[in-house]
Structures are given as C-alpha cells and as structure tokens.
Amino acid sequence: MVGEAIRGRFPVLASKVYVNSCSQGALSDAVRAGYEEYLDGWDANGAEWMFWVERAEAIRGRFGELLGVAPDEVALQTSVSAAVSAFVSGLDFRGERNRIVISENEFPAIGQIAHAQELRGAEVVQVAPEPEAYAAAVDERTALVCSTFVSYRTGRVHDVEAIRAVAHEAGALMLVDAYQGVGALPLDAAAVGDVVVGGTVKYLLASAGLAFMYVNPAVRDRVPTQTGWFADENIFEMQIERYRPHPSARRWDAGTPPVPNIYGGLAGIGLILEAGVGKIAAHVAGLAERLIAGCAELGAQVVVPDGRGPLVCIRSTDAPALVAALGQDDVVASDRDSNLRVSLHLYNTDEDVDAVLAALARRRALLA
Ligand SMILES: Cc1ncc(COP(=O)(O)O)c(C=O)c1O
C-alpha cells in the first residue's frame, strides 16, 4: 500500500503536509504500538531478557530482507557513527595502504570518523561525487572508499556500483552510507559495498537509536577493537578469559541491544517491506517528477533536476526563512546549505506535491 491507502496510519498527515522524511519519517500507529508492546511486556513480565534477544535477531533478519542479504551478514548498532567507528577500528592504516577516499557529499558521521583515523595513520582525500573523480584519486594507497547512497545535501543518487568497481579495481574496500535512501529506493547491499550502513530514523519510519551494518563475509577478517560483549562467540557463556569475536557479522555488534528501538524498528520496517521497496520507489519517482516539473514552471531551481531519488533540493535565497514560511502553511520541510529539502515517501501524494508548489508560489521571493 502506498499513497492515499496508507495515510491513515500516520496521524501527523491529518494536519500537515509532511515532506521531511529525510530528517525523520512520520510516526505511524504501528511504531507507536511497537513501543507500547515493549512497555506492556516490561510491565507484565519484568525483564523479558530472552524475548528481547529474540527480537534483536528478528530485526537482524528484517534488515537482511531489506538489503537482500543473509541475517548473519548484518550487525546491529545504535547509530551509523557507532557502526562505522567499529568497522574502521579493525583497519590498519600504518602501512602503505593508508588512504580513505570520501566524497564532498558525505554526512559528517563519515567525514569526521575518516579524519579521526588520521590519529591512526590514515590520510583522507575528498573528491567530487562522480565515479570518474573517485577513479582519479583511488589507487594502491587506498584502504577504504566511502560514498553516500543519496546525498543529504543535494538529493543526488550516487552511482555506488560504479564507485565500488573503482574501489575493487584498486584493491580497496567500499563503504556505502545508505541512510538517505534505504527504504525508499531498492538496495542490493552486496552489489554496492563491502560494508553498507544505515539506520531507522528516516525512510524506515522508526526512531533514533537503531542502525544496521552489512559486512560482506569476504572482509570479516578485519577484526574490530571497538567492540562489546554482544559481539562474543557465545554471549551466554559470560566468559572473560579472551576476546573471541563471533564468526558472523555479529562481531560488529556492541553491548546490550537498543531494545525499545528494536520494537519500533520492527514495526517501521514492517510497513516498508509490506508496501514493497520497488513499489515505494516507483511512487516516489512519480511524485519527484511532478515536483521537479512544477518547480520548472515556477522558475525555481532544483539542484539535481534529473534526480531519481526521494529527496528534491530547491535553491533558496534564505533556506531557513523558506522552511519557516512553509511551516506557516502547514508544510513540514527542512533545509541544508542554501537549499530547501523536500523529501517524498510512500505516504505522500500528488496533493502534497501540489500543496508544496502552491506554498512555494506564494514565497517566490525566497526562491533563488
Ligand atoms: C547520510 C546520513 N548518514 C548518517 C546519518 C546519521 O548518522 P548517525 O546514525 O550516526 O546519527 C544521517 C542523518 O541525518 C544521514 O543523513
């Protein structure tokens, strides 16, 4: 179900034109019920420890479905930052292969963690987001290539498959930050990266505090030093004799799983998988096309006019003022750099797009 058929599940849509899923997905009845189920179980039974561990395995499986990979290729984390820090803690930057190549569109989580590795011997190179720019910078000195899937700043969908080919040609690892996009665009994790990270706050419709990390089994020998007891081969043994990382991607798990967020995450991802990511992507593409065509008629500049993702960025003379002005018209959007960000998802409709365009027409002075 997409569009009109699913809107009733999201109370905020009764009063707002919600085009802000790139910041946070709208709250559904299902996610609210997920949190209530967690609290009810706690009330009724006290610590439901074994059940909570089982829920963690359930969400691992759902992440796997979403990414087209096996559950034991997925690590559970609380944020992309924590996941990426854990992964890079297993890389050695002291030798000849010490470079990390990132694009200028990376989220700070990736850019800042890459620079933190300079303390461990790494050298960071920043390039334009095109595969050709990566190709010019990636060579036998490169340990890790990072690319965002969809830019949070421009809405551009990066050609991560081509960038991965560049990385592999040079013998480097490829990390994809799929946070912007996962749930709204199909993603075959194994085809785009050795490591693919993302979380539940945005198009996966749940809350902060839950993230995933796919790690290709071929690169599991990069053993992390940033770890936790849930990464052990057998957490129930409670052993303290040695570091014994799990043979699967669980070796990148951390401490006690974020149980409440897992309840919310299961509900949010459930809605996405039920609707079908392919169907959501087609729906979103139609809405984006309508919005981009409407912007052209208004004379508004779209940053990536041939965009094929869920995020459309529109240039503004004063983006925060434009966001505030749209807010007065009950349009919930956001801004980055000097752009208005309009983000489209399964629950948006042609009427939402038309309402955004009408609001923009009333605020022409704030369009660049
Ligand atoms: C592309 C991208 N990566 C990462 C994040 C968030 O990272 P973290 O889970 O570490 O807060 C965001 C959130 O806005 C994002 O847009």
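Basis of the calculations
Residues numbered from 1 in each chain as written. Predicted model: local features only at pLDDT ≥ 70, side-chain atom pairs only at ≥ 80, totals over all residues. Heavy atoms only, no water. Phe/Tyr/Trp six-rings, centres within 6.5 Å; stacked < 30°, edge-to-face > 60°. Helix = DSSP H or I, 4+ residues; strand = E, 2+ residues; numbered from the N terminus. Buried < 20%, exposed > 50% of the residue type's maximum accessible area, 1.4 Å probe, protein only. Patch = residues over 30% accessible without salt bridge, like charges linked within 9 Å, V, L, I, M, F, W, Y side chains within 5 Å. Areas by Shrake-Rupley, 256 points an atom, 1.4 Å probe, with all protein chains shown as cover. Salt bridge = Lys/Arg side-chain N within 4 Å of Asp/Glu carboxyl O. Lys, Arg positive; Asp, Glu negative; His and termini not counted. Charge placed at Lys NZ, Arg CZ, Asp CG, Glu CD. Near = heavy atom within 4 Å. Polar contact = N/O pair within 3.5 Å; in protein donor to acceptor, adjacent residues only side chain to side chain. Nonpolar A, V, L, I, M, F, W, Y, C, P; charged D, E, K, R; others polar.

### Points about the packing of aromatic side chains
Step number 1: The final tally for this structure, using the stated rule, is 11 aromatic pairs.
Step number 2: Here W49 and W229 contribute two aromatic rings whose centre-to-centre distance is 6.4 Å and whose plane-to-plane angle is 5°, an arrangement assigned as stacked. Of the two residues, W49 sits in helix α2 (residues 49–67) while W229 sits in the loop between β8 (211–215) and α8 (259–275), which places them 180 residues apart along the sequence.
Step number 3: By relative accessible area, W49 is classed as partly exposed at 33%.
Step number 4: For the pair F63 and F212, a centre-to-centre distance of 5.0 Å together with 50° between the ring planes defines the contact as tilted. Residue F63 is located in helix α2, and its partner F212 is located in strand β8; the two are separated by 149 residues in the primary sequence. Of the two residues examined, F63 and F212, each falls in the buried class.
Step number 5: Aromatic rings pair up to connect Y38, W42, W52 and Y263 into one cluster.

### Section: a negative patch on the surface
Step number 1: Taken together, the side chains of E36, E37, D40 and D43 define an acidic patch exposed on the protein surface.
Step number 2: Its place among the elements puts D43 in helix α1 (residues 29–45).

### Observations regarding the site of the ligand
Step number 1: Taken together, S79, V80, S81, F107, Y152, D177, Y179, Q180 and K202 form the complete shell of residues around the ligand.
Step number 2: In this structure, V80 approaches the ligand through a main-chain N or O atom, which is 2.8 Å from an oxygen atom.
Step number 3: In the environment of the ligand, an oxygen atom lies 2.9 Å from a nitrogen or oxygen atom belonging to the side chain of Q180.
Step number 4: Here the ligand loses 84% of its free accessible area of 400 Å² to cover by the protein chains.
Step number 5: Class assignment of the residues belonging to the shell around the ligand gives a composition of 4 nonpolar, 3 polar and 2 charged.

### Topic: unusual backbone geometry
Glycine aside, residues mostly have negative phi angles, and peptide bonds mostly take the trans form.
Step number 1: Even without glycine at this site, L205 takes up a positive phi of about 70°.
Step number 2: You can see L205 is positioned in the loop between β7 (195–199) and β8.
Step number 3: L205 gets classed as buried once you look at its relative accessible area, which sits at 1%.
Step number 4: The phi torsion at D330 lies on the positive side, around 60°, for a residue other than glycine.
Step number 5: Structurally, D330 is set in the loop between α10 (319–328) and β10 (331–332).
Step number 6: For D330, a relative accessible area of 34% gives the class partly exposed.

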